[in-house]
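Topology and contacts: notes
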Amino acid sequence: VSANATNWIKQINTRALDTTMLHFDIAASDENQEREGTITISGGNAQQIIKISQRNVAYINIPDSTFKAYCLEKFDANNDGEITTNEASNILKIDILSDDIETLEGIEFFENLESLSAYPKHDGSMAMGVGGGGDTGEWRDSGYYLNVTRVTGKIKTLDVSKNLKLKRLDCSGNLIKSLDLSNNTLLEYIDLASNNLLICAYTADNFTIEKTVISID
């Protein structure tokens, strides 16, 4: 057994060892990174090297089918039809339309996420946006809007308490009732506008927000 693997590959002594069979115990991995070891079997002029690779794959539970489809399209690096914790840890930005999303459960595993945007798509009547946001035609970018019927997103709850690196959060136009941001001390931008059911939003003390839009309209 190679020196770098002796702590997790153990030879098991049996009576058959003197004949043709060798037994090894391969310990389960509790690491997120892949590990590799080799077993060298030699006798006389013959030698065989067996390579053993092991990785602990932890899949993320993403119950909302629309959110999962988005994640698979954008982040499934190994194309196995699932999102692993390793894949999620590489993601810095999520930008998704929330028209057909009811929950962002699973977002807590995107531990390095810095920007999260989940808002509804506008219809043709909403392209009249005006104001200080650059007048892109998107209602969320408008400095203000008049007589516009916004399409409402379906997200009702959001938990970003474990997304400690989050700097930008835009979940405007949804059905969020309350939001606890007390763990998100790096936040620089918050937009919760047009969450018609929003009652309260908690933030940590003594940190600076570049722009905050929290309105009930």
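Residues numbered from 1 in each chain as written. Predicted model: local features only at pLDDT ≥ 70, side-chain atom pairs only at ≥ 80, totals over all residues. Heavy atoms only, no water.

A closer look at the overall build of the chain
What the chain contains, in helices and strands, is 2 helices and 11 strands. The helix and strand sequence of the chain, counted from the amino end, reads β-β-β-β-α-α-β-β-β-β-β-β-β. Per-residue burial over the chain gives 35% buried out of 217 residues. For the chain, the accessible area works out to roughly 12,800 Å², and carbon and sulfur atoms hold 46% of it. (Helix = DSSP H or I, 4+ residues; strand = E, 2+ residues; numbered from the N terminus. Buried < 20%, exposed > 50% of the residue type's maximum accessible area, 1.4 Å probe, protein only. Areas by Shrake-Rupley, 256 points an atom, 1.4 Å probe, with all protein chains shown as cover.)

Brief notes about the pattern of salt bridges
One pass over the full model with this rule turns up 3 salt bridges. Glu36 serves as the salt-bridge partner of Lys51, at 3.4 Å between the closest nitrogen and oxygen. One end of the pair, Lys51, is in strand 4 (residues 46-54); the other, Glu36, is in strand 3 (residues 35-43), with 15 residues separating them in the sequence. We note a salt bridge from Lys68 to Glu82, for which the minimum N-O separation is 3.2 Å. Taken together, the positions of Lys68 in helix 1 (residues 65-75) and Glu82 in the loop between helix 1 and helix 2 (85-89) put the pair 14 residues apart, joining distant regions of the chain. (Salt bridge = Lys/Arg side-chain N within 4 Å of Asp/Glu carboxyl O.)

Looking at the nonpolar core
Judged by nonpolar contacts, the single largest core of 31 residues is most densely connected at Phe67, Ile94, Leu104, Phe110, Leu116, Leu158 and Leu169. For this core, the elements supplying multiple residues, two or more each, are helix 1, strand 5 (93-97), strand 6 (115-119) and strand 8 (178-181). Examining the composition of this core, we find that 4 residues originate from one element, helix 1, more than from any other. Setting aside residues up to four positions removed in sequence, Leu116 forms contacts with Ile94, Leu104, Ile107, Leu158, Val160, Leu166, Arg168, Leu169 and Asp170. (Core = buried A, V, L, I, M, F, W, Y, C linked by side-chain atoms within 4.5 Å. Contact = heavy atoms within 4.5 Å.)

Describing the side chain of Ser172
Along the chain, Ser172 turns up in the loop between strand 7 (168-170) and strand 8. You can call Ser172 buried: its relative accessible area is 0%. Within the local environment of Ser172, its side chain forms a polar contact with the side chain of Asp170, the two groups lying 2.7 Å apart. (Polar contact = N/O pair within 3.5 Å; in protein donor to acceptor, adjacent residues only side chain to side chain.)

Side note on the environment of Asn13
Position of Asn13 relative to the elements: it lies in the loop between strand 1 (9-12) and strand 2 (23-26). Distance from Asn13 to His23, taken between C-alpha atoms, is 7.2 Å for residues 10 residues apart in sequence.

Description of the environment of Arg35
The topology assignment puts Arg35 in strand 3. Each C-alpha atom of the pair Arg35 and Ser53 lies 5.8 Å from the other, and the pair is 18 residues apart in sequence. Setting aside its immediate chain neighbours within four residues, Arg35 contacts Trp8, Ala27, Ala28, Ser29, Ile52, Ser53 and Gln54.

Quick look at the packing of aromatic side chains
All chains considered together, the criterion is met by 2 aromatic pairs. A centroid spacing of 5.7 Å and a plane angle of 85 degrees characterise the contact between Tyr70 and Phe75, whose relative ring orientation is edge-to-face. Taking relative accessible area as the criterion, Phe75 reaches 10% and is therefore assigned buried. Taken together, a centroid distance of 6.0 Å and an interplanar angle of 65 degrees make the contact between Phe75 and Phe110 edge-to-face. With Phe75 in helix 1 and Phe110 in the loop between strand 5 and strand 6, the pair connects residues that are 35 residues apart, well separated along the chain. Here Phe110 falls in the buried class, since its relative accessible area comes to 0%. Grouped by ring-pair contacts, the aromatic residues Tyr70, Phe75 and Phe110 constitute a single cluster. Its end group placed over the ring of Tyr189, Arg168 keeps NZ or CZ at 4.0 Å from the ring centre. (Phe/Tyr/Trp six-rings, centres within 6.5 Å; stacked < 30°, edge-to-face > 60°. Lys NZ or Arg CZ within 6 Å of the ring centre and 35° of its normal.)

Some points on helix 1
One turn of an α-helix holds 3.6 residues; hence residues three or four places apart share an orientation. Of all the positions in helix 1, only Phe67, Tyr70, Cys71 and Phe75 are classed as buried. What you see down the axis of helix 1 is that its buried residues fit within an arc of 95 degrees, all on one side. Residues Ser65 and Glu73 are exposed on helix 1 and point more than 90 degrees away from its buried face. (Arc of directions from axis to C-beta.)

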